[in-house]
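Here are the chains, one letter per residue:
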Amino acid sequence: MSAPYAPPLGAIARVLGVVGLDEVLELPPFGHLAAGDVEDVLAAFGRFAAEVIAPTDSIGDHEGAHLDQQTGEVTVPRPLRDALRRWVDDGWPGLAVPIDLGGGGFPEVVGLAADEIFATANLSLSLNPMLTEGAIQLLSRWATARQKKTYVELLVSGRWSATMDLTEPDAGSDLGAIRTRATLDDDGRWRISGTKVFITWGEHDVAENIVHLVLARTPGSPPGTKGLSLFVVPRQLVDDDGSLGMRNAVRCIGVEHKLGIHGSPTCMLEFDGAIGELVGREHSGMEAMFMMMNFARLSVALQGLAVAERAHQQALAYALDRRQGRAPGAQAGTTSPIIEHPDVRRMLLLQATSIDAMRLLLYSTAATADVAHHHPDTTRRAACQERVDLLTPVAKAWCTDEGVRVASLAVQVHGGSGYVEETGVAQRYRDSRIGPIYEGTNGIQAIDLVQRKVCRDGGCAMRRALDDASISLESAALDLGELPGAEHMRAAVSAAQEATEWMVSSADVDRLAGATPYLELIALTISGGLLAKQAVRSVSDAGRFGFFAVERLSAAQGLLVAATAGADRLTPDLLGCSLAVSGRA
Ligand SMILES: Cc1cc2nc3c(=O)[nH]c(=O)nc-3n(C[C@H](O)[C@H](O)[C@H](O)COP(=O)(O)OP(=O)(O)OC[C@H]3O[C@@H](n4cnc5c(N)ncnc54)[C@H](O)[C@@H]3O)c2cc1C
């Protein structure tokens, strides 16, 4: 049996303190809130998640979603539907949406904490509100007043849900290849036709209506992503008085059988002249969609943390309970709980420190986004936005890779029992594997980091972020004396600085060849800085920094070598094939 889920409220409160919740609560839109309100709302939501959401997690995994081929309707297991309806009825949706849009008016960093609790309790189910939150952000910025009135209020209430419709059979990482068409009919309405694949919660029986946000190409558009426009396409059309009208011409024609996240229906949708409305200007589709994609990237990063937290809870409970062999120092003739074996304790600490690092990285990015959006000083806002933009691909790729790593360690701690389904920990491993793939693969995130975020400004933003990490270490040393493992942190900062200068001055093909190890080096170094900041809080936090420094930051030198080795070593003949392109000018 799997360990019951416990919302990690203590760890969340500690990290909110480190990343500056106090400063966020002083920003103008949050004047009505006190620190106690944040604590109360998270505690109440934690209870709700443990009692109502978590029990549905393995049911969704076992039963999955079902498509009725005749009607195109998709049903999810009843307990999942009931849990999501209670979430709506109890007023939980829209915690971090501004009050004037019908939300709870909490900062983004508090919304992120609630999202973590939801995703830890049931990852598959959390994808439904996650996409709706992203759509609310997009529509609040890009929709007309009438569109906002029609869609936003009902999305905020949770009664309607939303989807993000980018991927097509021949357009995955390369959205410039999208072929879905939008044409104007005789009545001046846009008609959308095409096939979208892998659409999360693309059809289901949980919400009253589903609002699809679809990227499509209008007649005569330029090729590539510059020719894409964004359309809002409701499953059921909305009459002028706001009531639900006719069914629109969009239909689910397939639900995927997947490795994990079985409770989330992944749908193939056919749009057959469906009525849509243009959002924003024609050809501004990518710019608008980037708002939803950036939100979704941080949310997917959060899923890495969530799956890791749940896997660690299970591994820790198992390691305290399972007895095997005699640990060093234990009495002769006894067997020890496996947590007493140094190798098992090391695995558990690898998990725990990775979780600390992910939570710090994600919460600090969300708190920085709050400052970027609401600080009265424009220079401060710009500096914070620069950091959020820089850290978004780093967080997406690193946290999802860490999610897989921590879930894999949880299977290992369980031994053979981890490989069979009964303990529930195998589900964590299966569920974790999607994180590095969707919302832009981790390879694409690494390319975004080196090409757009680092090289476009000549490395300035990255230099500032690495300086901050170094300052955190040295200020912790002023408070506590030298931190254990500090030499590894200093070496990581200097490796990350050297790799950054190399990236800025190298040819495209060389930096693309090293983008993934570079991203890992940056993620470890920046997380190391945040762990150093947390270290001043307690002896145990300082000890965890030391463990992370020895076990993880000591890899920095190897990552520097791989990041800066260039592309010539990647010759296709090493794979036994020859290719037409070399990438060298
Ligand atoms: C469960 C699930 C849910 C999903 N939900 C949604 C959703 O809600 N909405 C939506 O629109 N999409 C969704 N997707 C689609 C997902 O975002 C894509 O699968 C993903 O972006 C990768 O595209 P692809 O599968 O076509 O892989 P490909 O683009 O074919 O990539 C294959 C491999 O090649 C690499 N690669 C490709 N191009 C490059 C390049 N230029 N440089 C370097 N490496 C490259 C990739 O990193 C990857 O390793 C979902 C997918 C799944 C499996």
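Structure's up top.
Analysis parameters
- Residues numbered from 1 in each chain as written.
- Predicted model: local features only at pLDDT ≥ 70, side-chain atom pairs only at ≥ 80, totals over all residues.
- Heavy atoms only, no water.
- Helix = DSSP H or I, 4+ residues; strand = E, 2+ residues; numbered from the N terminus.
- Expected span 1.5 Å × (residues − 1).
- Buried < 20%, exposed > 50% of the residue type's maximum accessible area, 1.4 Å probe, protein only.
- Polar contact = N/O pair within 3.5 Å; in protein donor to acceptor, adjacent residues only side chain to side chain.
- Contact = heavy atoms within 4.5 Å.
- Core = buried A, V, L, I, M, F, W, Y, C linked by side-chain atoms within 4.5 Å.
- Pairing = 2+ DSSP bridges.

**Section: helix H17 (residues 508-535)**
The end-to-end C-alpha distance of H17 is 38 Å, a good match for the 40 Å that 28 residues give at a rise of 1.5 Å each. H17 sits mainly inside the fold: 22 of its 28 residues count as buried.

**Examining the side chain of Asp448**
Relative to the elements of secondary structure, Asp448 occurs in helix H14 (residues 442-455). On the basis of relative accessibility, which here comes to 9%, the residue Asp448 falls in the buried class. Of the polar contacts made by the side chain of Asp448, one reaches the side chain of Lys453; its length is 2.9 Å. The residues contacting Asp448, other than those within four sequence positions of it, are Arg297, Pro393 and Lys453.

**Remarks on helix H10 (residues 342-374)**
Compared with the 48 Å implied by 1.5 Å per residue over 33 residues, the 47 Å span of H10 between its first and last C-alpha is a close match. Burial of H10 is extensive: 26 of the 33 residues sit out of reach of the surface.

**Let's talk about the nonpolar core**
Ranked by internal contacts, the top residues of the largest apolar core, which has 168 residues, are Leu42, Met289, Leu362, Tyr363, Trp398 and Tyr518. When residues in this core are grouped by element, the largest group, 15 residues, is from helix H9 (residues 285-321). Leaving out residues up to four positions away in the same chain, Met289 has contacts with Leu138, Met164, Leu166, Leu213, Leu215 and Leu230. If you look at the next biggest cluster of nonpolar residues, it comprises 17 residues, including Ala319, Val411, Val425 and Phe547.

**Quick look at the pairing of strand S6 (residues 209-217)**
With 9 of 9 residues buried, S6 is to be regarded as a mostly interior element. The two faces of S6 match: Asn209, Val211, Leu213, Leu215 and Arg217 on one face and Ile210, His212, Val214 and Ala216 on the other face are all buried. The pairing of strand S3 (residues 160-165) with S6 spans 6 bridges and is classified as parallel. From the neighbouring strand, Trp160 faces S6, where its bridge partner is Asn209. By the bridge criterion, 7 bridges tie S6 to strand S7 (residues 228-234) in an arrangement that is antiparallel. Bridging from a neighbouring strand, Ala216 pairs with Ser229 of S7.

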